[in-house]
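# A structural walkthrough
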Amino acid sequence: MSESRAAPAKKPSRNREKLIAAARRLFAERGFGEVGTEEIVREASVTRGALYHQFADKRDLFRAVFEKMLMEAGQEIYEETMKRIEHDREDLQVGTQVMLDIFSRPEVKRVVLLDGPAVLGWAAWRDVQRPFHLALIGHALGHLVEEGLIPEQPLEPLADVIAGAAMQAALAIAEAEDGAAARATYGASLTQLLARLGAPTNG
């Protein structure tokens with residue numbers, strides 16, 4: 001699948017936000033392939049010209065939706081993790097479980113996990129998410145180093161490995177017939193994996 005051409009950077013505008021919100025609702029409900037641009041502009045109450053002023057094409061709009069959802073997920077993961085932990089060393093275990101919960105939601109599952117790789121392509125799908133994972137997981141790993149639970153080392157490669165495991169778990173949950181059962185199974189497996197890397201499972 002060919003990648004969409006990048007649209008020129010646009011200043012924040014009301015039309016852009018309306019298009020992203022409308023596309024998000026429609027993509028989450030029916031999936032990227034089942035939604036046309038005419039429906040998106042109608043839902044957003046803007047003209048077709050407004051869409052192409054802000055985005056190169058439907059795939060470019062999807063990427064904007066995808067990135068917005070990742071930003072929101074990252075903020076929620078951070079805030080919810082801070083509520084649940086008593087010690088910084090619990091960041092990694094708790095944060096990855098919060099991530100699995102958020103990525104199991106129907107809207108996030110559809111856009112980020114099911115449509116994301118197909119629409120963006122695997123390479124772009126990974127590249128867009130990488131800063132998100134490195135920021136959250138790298139920060140948590142830093143706490144483990146500070147407390148002597150893992151040795152000092154370059155944290156970026158380790159964060160990449162953990163992010164890959166977490167996203168594989170999220171994908172497996174998204175594709176499972178019984179999502180709740182898969183969430184329990186893969187969540188437990190991820191906990192065991194991180195415990196072997198030095199991340200404590202409790203305070």
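This text follows the structure it describes.
Quick look at the structure, then.

## Some words on the overall build of the chain
Per the secondary structure count, the chain includes nine helices and zero strands. Secondary structure of the chain in N-to-C order comes out as α-α-α-α-α-α-α-α-α. What you see for the chain is a C-alpha radius of gyration of 19 Å, in line with the 17 Å of a compact globule of 203 residues. Projecting the C-alpha coordinates of the chain onto the three principal axes gives extents of approximately 55 × 35 × 35 Å. Evaluated residue by residue, the chain yields a buried proportion of 44% over its 203 residues. When contacts within the chain are restricted to residue pairs at least 6 apart in sequence, those whose partners lie at least 24 apart make up 69%. Accessible surface, the chain: about 10,700 Å² in total, of which carbon and sulfur atoms supply 51%.

## What to know about unusual backbone geometry
Positive phi is not limited to glycine here, since Ser45 has a value of about 60°. Turning to its location among the elements, Ser45 is positioned in the loop between α2 (37–44) and α3 (48–54). Accessibility expressed as a relative area gives 58% for Ser45, which makes it exposed.

Rules used throughout
- Residues numbered from 1 in each chain as written.
- Predicted model: local features only at pLDDT ≥ 70, side-chain atom pairs only at ≥ 80, totals over all residues.
- Heavy atoms only, no water.
- Helix = DSSP H or I, 4+ residues; strand = E, 2+ residues; numbered from the N terminus.
- Rg over C-alpha atoms; globule rule 2.2 N^0.38 Å.
- Buried < 20%, exposed > 50% of the residue type's maximum accessible area, 1.4 Å probe, protein only.
- Contact = heavy atoms within 4.5 Å.
- Areas by Shrake-Rupley, 256 points an atom, 1.4 Å probe, with all protein chains shown as cover.

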